[in-house]
Amino acid sequence: MAERGRRSTSRRQNRSNVPTASLSELVAHLRQNRTQLREEWARRITESQLLTAMTNEEIFTEATSIYDNYVETLESGSVEALQAYARDLSERIIPRGVETQEVVGIVLLLRDVLARSLIAKYPDVSLLNRVFDAYEPAANRIANTVAVSFVQERERIIRQQQEAIRELSTPVLQVRERLLILPIIGLIDPQRARQLTEQLLQAIRANRAKVVVMDITGVPSIDSNVANYLVQTVDASRLMGANVIVTGLSPEIAQTLVVIGVDLSKMDTVGDLQGGIEKAERMLGYKVVPSDESL
């Protein structure tokens, strides 16, 4: 009984050591055949018309780096270095128009190239199965790591671009000392409305503004949520020591404000931007020449 127990334990230990031994053998094979395998992979990438935004030389350079990171990850079991490289690669190639499916495609191609080389190396099915038992889980983890890193970086870049567009679409301009103009163009959603409020309050503080002219001539429509944000912006600006003059109210927006019950007594409104600037200048004590008399 004791002898059978020792034999059973020995067999379990041998089975548990198989993946580790097979993985080490696999890594050695991939390093010994590095030149041939990466060239085959780069050729397959070009034939599959992936990474078309890159030159053949760039594809080969990146293929070399990805291959080396791939093998290192197989050997160490750690994906941290691969994640860092994938983020760096994504940051460089996403602006050039490389799509997520292209990145996933090249990783799957590498997996296919390596799998074919293993099939050729291990004609014995039982030995091949042992190697694949070690290889497949690691390969799946690597493919998932690269794909997730690329998607996360792509989302980060998109958020940055959206933020830049919003900032460009809602500039706060200083036209005189203590006088700011906020021209708003396009549709306003709750996120943009929050950003608008933050930008305006920061500008009021930075410029020690006393009057703000908020021109919404270029806003086609607003809903109740956005209308309430505008009112909150006016109130917050007043708390910061600045009065807000709203200009460019269209008949449709004015009617919407009335229908949804916005307290218009909290909003100082003027018909157009020129009139709003003239009123703001009078509030600040500047000598104002009416626009019809300056012609």
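Shown above is the structure to which this text applies.
Since the structure is predicted, the reported quantities are computational estimates derived from the model, not experimental observations.

## With respect to unusual backbone geometry
For residues other than glycine, phi is negative in most cases, and the peptide bonds are mostly trans.
No. 1: The phi angle at leucine 51 is positive, at roughly 55°, despite the residue not being glycine.
No. 2: Topologically, leucine 51 is positioned in the loop between helix H2 (34-47) and helix H3 (56-76).
No. 3: Since its relative accessible area comes to 4%, leucine 51 is described here as buried.
No. 4: Backbone geometry at arginine 178 places phi at a positive 70°, although glycine is not the residue there.
No. 5: Here arginine 178 is to be found in the loop between strand E1 (173-176) and strand E2 (179-185).

## Some remarks on the sheet that holds E2
No. 1: Strands sit in the order E1-E2-E3-E4-E5 across an open sheet of 5 strands; the sheet is mixed. Each having just a single partner strand, E1 and strand E5 (268-270) make up the two edges of the open sheet. Strand-to-strand twist of the sheet, defined as the mean angle between neighbouring strand axes without regard to direction, takes the value 30°.
No. 2: Strand direction decides the pairing type here: strand E4 (residues 243-247) and E5, joined by 3 bridges, are parallel. In the strand pairing of E5, valine 246 is matched with threonine 269.

Calculation notes
Residues numbered from 1 in each chain as written. Predicted model: local features only at pLDDT ≥ 70, side-chain atom pairs only at ≥ 80, totals over all residues. Heavy atoms only, no water. Helix = DSSP H or I, 4+ residues; strand = E, 2+ residues; numbered from the N terminus. Buried < 20%, exposed > 50% of the residue type's maximum accessible area, 1.4 Å probe, protein only. Pairing = 2+ DSSP bridges. Axes fitted to C-alpha atoms, helices over the stretch in contact; angles between N-to-C directions.

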